[in-house]
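Each chain, letter by letter, is given below.
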Amino acid sequence: MPQTMFAKLWNSHVVADLGDDTALLHVDRHILHDLGGSRALLDVKERGLKVHNPELTYATIDHTVTSAPGRQGTIPRGVELIHALRTETAAAGIRLFDIDQPGQGIVHVMGPELGITLPGVLLVCGDSHTCTHGGLGALAFGVGWSELNHVLATQTLIQRRPRTMRVRFEGISAPAVTPKDLILALIGMVGTDGGTGYAVEYAGGTIRDMAVEGRLTVCNLSVELGAKMGFTAPDEKTFAYLEGTACAPKGVSWLRAVEAWRQLPSDHDAVFDREVEIDVTKIAPQITWGTSPEHVIGIDGRIPDPAMIPNAERRQAVQLALNYMGLMPGEAIAGTPVDWVFIGSCTNSRLSDLRAAAEVVRGRKINPRVRAWVVPGSEIVKRDAVAEGLDQVFLNAGFEWREPGCSMCLASNGEQVPPGQRSVSTSNRNFVGRQGPRARTHLASPAMAAAAAITGTITDVRRLGTGK
Amino acid sequence: MKKFDRLTAVAAPLMRANIDTDIVIPINRMVGNSIRGTLGKWAFSSLRYLPDGSDNPEFVLNRTPYRDAEILIVGPNFGCGSSREPAVWAIQERGIKAIVGSGFGDIFYNNCFQNGLLPVVLDPAVVQAIAEEVEQSQGTSHVSVDLEKCEVTTSSGKRYAFSLEPRRRTALIEGLDEIGATLKLDSEIRAFQARDREDRPWIYTSRANA
Ligand code: SF4
């Protein structure tokens, strides 16, 4: 019987069938971070248990550390958590990629870049955007804190088998339309619960032609579609991306692994529980207007008018979102004044993202009323970007060039958009209060965020064009 | 873990769609290793408090009799977004023991079972009907959730059956310890790893490179 890639990934990790469509699954890779990592290790220790496989577990620091140049000023609770993570990972024999070391970075940037993430692995992390790693062909998903303890103590996880969904992106996207725009457009179409209960495979010609970093961006937003897991089939690009990375297999082991990875893609006739097809030629650069990633329109679009929405509940939801965002119904979204621009997060902080933003910024100055940050996703991204001179492009334009971490995506390190201010952000959540209490977030691609920084308003990057 | 069998209580309707876990508990209240027991006060902060810190009189849990609610009736896709388990803790610390809705965020749903908070999934129209009955009675109409019978009943006598996998149901009723149960299968886990080392040796050797 033809199998989906999901079935191959799932079946190869079943340790025991527990009935009710539920299985005990082997966890091949587990990454801890500062927000929950030390607490989990302490919990396990308190129960008198040991970490089952410390050699399959990695850790890094991203959520609570300051991104200020020189790393001065991490909030006191962050300092405590980071200290505890160092102590507890050392005691358990877990490899920590610490601040200022190559390898440190946002979990979902450093995992793929170091080859901790590999095709075919089952990877978990106490963070919902773990689906990002699916862009290398891994079965990767976020787990809660109790589940995380379970993984540490047993190297397994109890999970109910999700249904399968395939999203096929077809066609060649217009200039300035990036992987971020494609996935936002999908969320706009099917809604933030369109993928709930599904493992989503992104396929089609557009995905095949897409660079690996773009696939990571697409998979990153799976959870905003409601899907815990999203992935793409591994191919030659995936192998090229991974070969020679720090943790990838070497020599004969590499050849054997690649051989196995070639068997992972869905069989030709595999059947999915749900199929969606998207013509990417119709997609414009996207921007969110509301407080859910599904509140998204093309940059040439208008802010929705609640009066035009027949369904009472939806009407009210749109009205609430517009009140929070301080936007007028029916107006063009382009031209809305902006106070902050944040280029960073596990969605869009890789080298290709910084290059795309720098291309718009080069030779220009940001609007003086805007505060604009670039926060590279990892120490390696930062060093590569500096080697190319991208830091100078941003600094010359008036951006702040910061140290790698989650920073203003979540504000768990205290770096916030001030109340009532408007931010264009390359992150993944425009939720109420996400970037700080009463902060107003518009999600967009790196190029679109860069354009907003230059003009001081939400701007169609296609009109602005590239810099000099 | 808290056990759950049956409950009759005040139910508070909170029917907004897509209430994400950032709304349930803001991040700044959950940074730290000893946050348990401190979260109830911050549950639903952005809805519950006005910018000056006073109670928002319009928020359902700030109104009598809903203040004493032990059941939440929620809109679609409740608990979407972040995997933060403190969202479940905050709801529990606020006194809620069961949530009735038409669909939940996947990770939030799993987290509920880990902590003995019962998420009940019913048809959207049924959830709406329950919310309306409660609202029409101004909250005096209580709701019962019975996990033994897998049934929700309202004061007017309407009964709605819900389904739940037997293993999850048993775990809630008995307050099962999942880690303990899995460790009983440790010989199977080790046998899996031994076989897997032959099939996929690269999984187990990466660390040597790093
Ligand atoms: S960058 Fe944002 S979304 Fe990604 S892991 Fe960090 S806080 Fe979470």
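Procedures and definitions
- Residues numbered from 1 in each chain as written.
- Chains lettered and ligands numbered in written order.
- Predicted model: local features only at pLDDT ≥ 70, side-chain atom pairs only at ≥ 80, totals over all residues.
- Heavy atoms only, no water.
- Helix = DSSP H or I, 4+ residues; strand = E, 2+ residues; numbered from the N terminus.
- Rg over C-alpha atoms; globule rule 2.2 N^0.38 Å.
- Buried < 20%, exposed > 50% of the residue type's maximum accessible area, 1.4 Å probe, protein only.
- Contact = heavy atoms within 4.5 Å.
- Pairing = 2+ DSSP bridges.
- Axes fitted to C-alpha atoms, helices over the stretch in contact; angles between N-to-C directions.
- Domains from an automatic or database assignment.
- Buried area = accessible area lost by both parts, 1.4 Å probe.
- Right-handed = clockwise from strand over helix to strand, strands pointing away.
- Salt bridge = Lys/Arg side-chain N within 4 Å of Asp/Glu carboxyl O.
- Near = heavy atom within 4 Å.
- Nonpolar A, V, L, I, M, F, W, Y, C, P; charged D, E, K, R; others polar.
- Expected span 1.5 Å × (residues − 1).
- Arc of directions from axis to C-beta.
- Polar contact = N/O pair within 3.5 Å; in protein donor to acceptor, adjacent residues only side chain to side chain.
- pLDDT = per-residue confidence, 0-100.
- Parallel < 35°, antiparallel > 145°, perpendicular 65-115°, else oblique.
- Left-handed = near helix turned anticlockwise from the far one by under 90°.

A. Just the overall build of chain A, in detail. If you tally the helices and strands in chain A, you get 16 helices and 19 strands. In terms of overall dimensions, chain A is globule-like: its C-alpha atoms have a radius of gyration of 21 Å, near the 23 Å expected for 468 residues. Considering chain A as a whole, with its 468 residues, one finds that 66% of them fall into the buried category. Partitioning the contacts of chain A with sequence separation of at least 6, the portion at a separation of at least 24 is 76%.

B. Inspection of the sheet that holds strand 3 (residues 29-33) of chain A at higher detail. Residues and elements named next belong to chain A. Strand order in the open sheet made by the five strands is 5-4-3-6-7, with parallel pairing throughout. Unpaired on one side and paired on the other, strand 5 (95-97) and strand 7 (139-142) mark the two borders of the sheet. The average undirected angle you get between the axes of adjacent strands in this sheet is 20 degrees. Note that strand 4 (residues 57-60) and strand 5 share three bridges and pair parallel. Looking across to strand 5, one finds that Thr 60 is bridged to Phe 97. Along the sheet face, helix 5 (residues 145-154) touches strand 3, strand 4 and strand 6 (122-125) and points at about 125 degrees away from the line of strand 3.

C. Looking closely at the domain arrangement of chain A. Residue and element names in this part refer to chain A. Here the domain parsing of chain A yields domain 1 (5-274) and domain 2 (332-462). Taking only C-alpha atoms into account, the centre of domain 1 sits 24 Å from that of domain 2. Between domain 1 and domain 2, the residue contacts involve 38 residues of the former and 39 residues of the latter. Buried surface at the junction of domain 1 and domain 2, summed over both partners, amounts to about 2900 Å²; 54% is from carbon and sulfur atoms.

D. Structural detail: the pairing of strand 4 (residues 98-101) of chain B. Residue and element names in this part refer to chain B. Burial along strand 4 is two-sided: Ala 98 and Val 100 facing one way and Ile 99 and Gly 101 facing the other are all buried. Relative to strand 4, strand 3 (residues 71-74) runs parallel, the two being bridged by three bridges. Its bridge partner being in strand 4, Leu 72 is matched across the sheet by Ile 99. For the crossover from strand 3 across helix 3 (residues 86-93) to strand 4, the handedness is right-handed. Across four bridges, the pairing between strand 4 and strand 5 (residues 118-121) is parallel. The residue bridging Ala 98 from the neighbouring strand is Leu 118, located in strand 5.

E. Quick peek at the interface of chain B and chain A. At the interface, 60 residues of chain B touch 83 residues of chain A. The contact between chain B and chain A buries some 5700 Å² in all, and 56% of this surface belongs to carbon and sulfur atoms. At the junction of chain B and chain A, the tally comes to four salt bridges. The residue Arg47(A) makes a salt bridge to Asp177(B) at a minimum N-O spacing of 3.1 Å. Secondary-structure elements contributing two or more residues to the side of chain B that touches chain A are helix 1 (21-24), helix 3, helix 4 (106-115), helix 6 (166-174), helix 7 (178-183), helix 8 (186-199) and helix 9 (202-209) of chain B. Sort the elements by how many residues they give to the side of chain B that touches chain A and helix 8 of chain B lands first, with 10 residues.

F. The arrangement of the site of the ligand in detail. Residue and element names in this part refer to chain A. Neighbouring the ligand are the residues His 63, Ile 106, His 108, Asp 127, His 129, Ser 345, Cys 346, Cys 406, Cys 409, Leu 410, Asn 428 and Arg 434. By residue class, the composition of the shell around the ligand is five nonpolar, five polar and two charged. Counting only domains with at least three residues in the shell around the ligand, you end up with domain 1 (5-274) and domain 2 (332-462).

G. How the structure looks around the environment of Leu139(A). Residue and element names in this part refer to chain A. Residue placement: Leu 139 occurs in strand 7. According to the relative accessible area criterion, Leu 139 is buried, its value standing at 0%. With 235 residues separating them in the primary sequence, Leu 139 and Val 374 have C-alpha atoms 30 Å apart. Residue contacts for Leu 139: discarding those within four places in its chain leaves Phe 6, Leu 9, Trp 10, Val 121, Leu 122, Leu 123, Met 229 and Phe 231.

H. Looking closely at the pattern of salt bridges. Residues and elements named next belong to chain A. Under the counting rule described, the total for this entry stands at 32 salt bridges over all chains. Its salt-bridge partner being Lys 8, residue Asp 267 comes within 2.8 Å of it at the nearest N-O pair. Residue Asp 267 is located in the loop between helix 10 (251-261) and strand 12 (274-279), and its partner Lys 8 is located in helix 1 (residues 5-11); the two are separated by 259 residues in the primary sequence. Overall, Lys 8 belongs to the buried group, its relative accessible area being 15%. Residue Arg 166 pairs with Glu 275 through a salt bridge whose shortest N-O separation is 2.9 Å. Note that Arg 166 is positioned in strand 9 (residues 163-170) and Glu 275 in strand 12, a separation of 109 residues in sequence. Judged by its relative accessible area of 40%, Glu 275 is partly exposed.

I. Focus on helix 11 (residues 312-325) of chain A. Residues and elements named next belong to chain A. Over its 14 residues, helix 11 runs 20 Å from end to end, which matches the ideal 20 Å to within 8%, given 1.5 Å per residue. Taken as a whole, helix 11 has its buried residues at Val 318, Ala 321, Leu 322, Tyr 324 and Met 325. Down the axis, helix 11 shows its buried residues gathered within 160 degrees of arc, on one side only. In this fold, the buried residues of helix 11 make contact with strand 18 (422-425) and strand 19 (440-443). One side-chain oxygen of the residue at the start of helix 11 lies 2.9 Å from the amide nitrogen of Glu 313, identifying that residue as Asn 311. Positive phi appears at Gly 326, one or two residues downstream of helix 11, with a value of about 65 degrees.

J. Quick look at the confidence of the model for chain B. Mean pLDDT over chain B stands at 94; residues scoring 70 or higher make up 98%. Predicted complex, confidence summary: ipTM 0.94, pTM 0.95.

K. Broad picture of the sheet that holds strand 2 (residues 22-26) of chain A. All names here are of chain A. On the basis of which strands lie adjacent, the open sheet formed by three strands has the order 1-2-8 and antiparallel pairing. A strand with exactly one partner marks an edge of an open sheet, and here the two such strands are strand 1 (14-17) and strand 8 (156-160). On average, adjacent strands in this sheet sit at an angle of 25 degrees to one another, irrespective of strand direction. Where strand 1 meets strand 2, three bridges bridge the pair, whose relative direction is antiparallel. Residue pairing across strands places Asp 17 opposite Ala 23, the latter belonging to strand 2.

L. Molecular detail of the packing of helix 2 (residues 37-46) of chain A against helix 5 of chain A. All names here are of chain A. Relative to each other, helix 2 and helix 5 sit at 60 degrees, their axes nearing to 9 Å. Judged by the inter-axis angle, helix 2 sits oblique to helix 5. Where helix 2 crosses over helix 5, the two elements pack in a sense that is right-handed. Mapping the contact onto sequence places Arg 39, Ala 40, Leu 41, Asp 43 and Val 44 in helix 2 and Trp 145, Leu 148, Asn 149 and Leu 152 in helix 5. Among the residues forming the contact of helix 2 with helix 5, the class breakdown is six nonpolar, one polar and two charged.

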